[in-house]
Amino acid sequence: MTASRTLHVLIHGRVQGVGYRAWTHHQAELHGLTGWVRNRREGMVEAVFSGPRDLVDAVLKACEQGPQGAVVERIERLEDPGAETGPFRGFEVRATC
């Protein structure tokens, strides 16, 4: 059995206005992950992925490319104890913060 992992990230680049949140939601559900994704007012996309380590890693790798039209400059891993990091019931798209 694969170990569980929860990862909180900020995705920098041209990631708003290109369907990145909907694409991320779809990728997370395809891989059976829980968590959330939302736009940040600063222009980034923020997400928390939770599930088997190998599947979280696979979605994170896919996020490096994102959907057509996205240009991902970097993915920042956050170690924020204040972030909501589970447990989750599914994967949701949240309102911009």
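Structure first, text after, so check above.
Calculation criteria
Residues numbered from 1 in each chain as written. Predicted model: local features only at pLDDT ≥ 70, side-chain atom pairs only at ≥ 80, totals over all residues. Heavy atoms only, no water. Pairing = 2+ DSSP bridges. Helix = DSSP H or I, 4+ residues; strand = E, 2+ residues; numbered from the N terminus. Axes fitted to C-alpha atoms, helices over the stretch in contact; angles between N-to-C directions. Contact = heavy atoms within 4.5 Å. Salt bridge = Lys/Arg side-chain N within 4 Å of Asp/Glu carboxyl O. Buried < 20%, exposed > 50% of the residue type's maximum accessible area, 1.4 Å probe, protein only. Polar contact = N/O pair within 3.5 Å; in protein donor to acceptor, adjacent residues only side chain to side chain.

Undergrad: Quick question: what am I supposed to make of the sheet that holds strand S5 (residues 91–93) here?
TA: Two pairing modes exist for strands in a sheet, parallel and antiparallel, and in both the strands are linked by backbone hydrogen bonds. An order of S4-S1-S3-S2-S5 is seen for the five strands of this open sheet, with the pairing classed as mixed. In this open sheet, the two strands that pair with only one neighbour each are strand S4 (71–78) and S5. Along the sheet, successive strands turn relative to each other by an average axial angle of 20°, direction set aside. Those strands touched by helix H1 (residues 20–30) are strand S1 (4–14), strand S2 (34–39), strand S3 (45–52), S4 and S5, and its axis lies near 175° from that of S5. Strands S1, S3 and S4 of the sheet are contacted by helix H2 (residues 53–63), whose axis makes an angle of about 150° with S3.

Undergrad: Could you clarify how one ought to interpret the pattern of salt bridges in this entry?
TA: If the charged atoms of two oppositely charged side chains come close together, the side chains can form a pair. The final tally for this structure, using the stated rule, is seven salt bridges. We note a salt bridge from Arg40 to Glu46, for which the minimum N-O separation is 3.2 Å. Both residues of the pair, Arg40 and Glu46, belong to the buried class. Through salt bridges with shared partners, one network takes in Arg38, Arg40, Glu42 and Glu46.

Undergrad: It is not clear to me how the side chain of Glu46 should be interpreted in this structure. Could you clarify?
TA: The topology assignment puts Glu46 in strand S3. Reaching out from Glu46, the side chain makes a polar contact with the side chain of Arg40 at a distance of 3.2 Å. With sequence-adjacent residues up to four places away left out, Glu46 is seen in contact with His8, Val9, Leu10, Trp36, Val37, Arg38, Arg40 and Cys97.

All quantities given are derived from atomic positions and should not be read as evidence of function.
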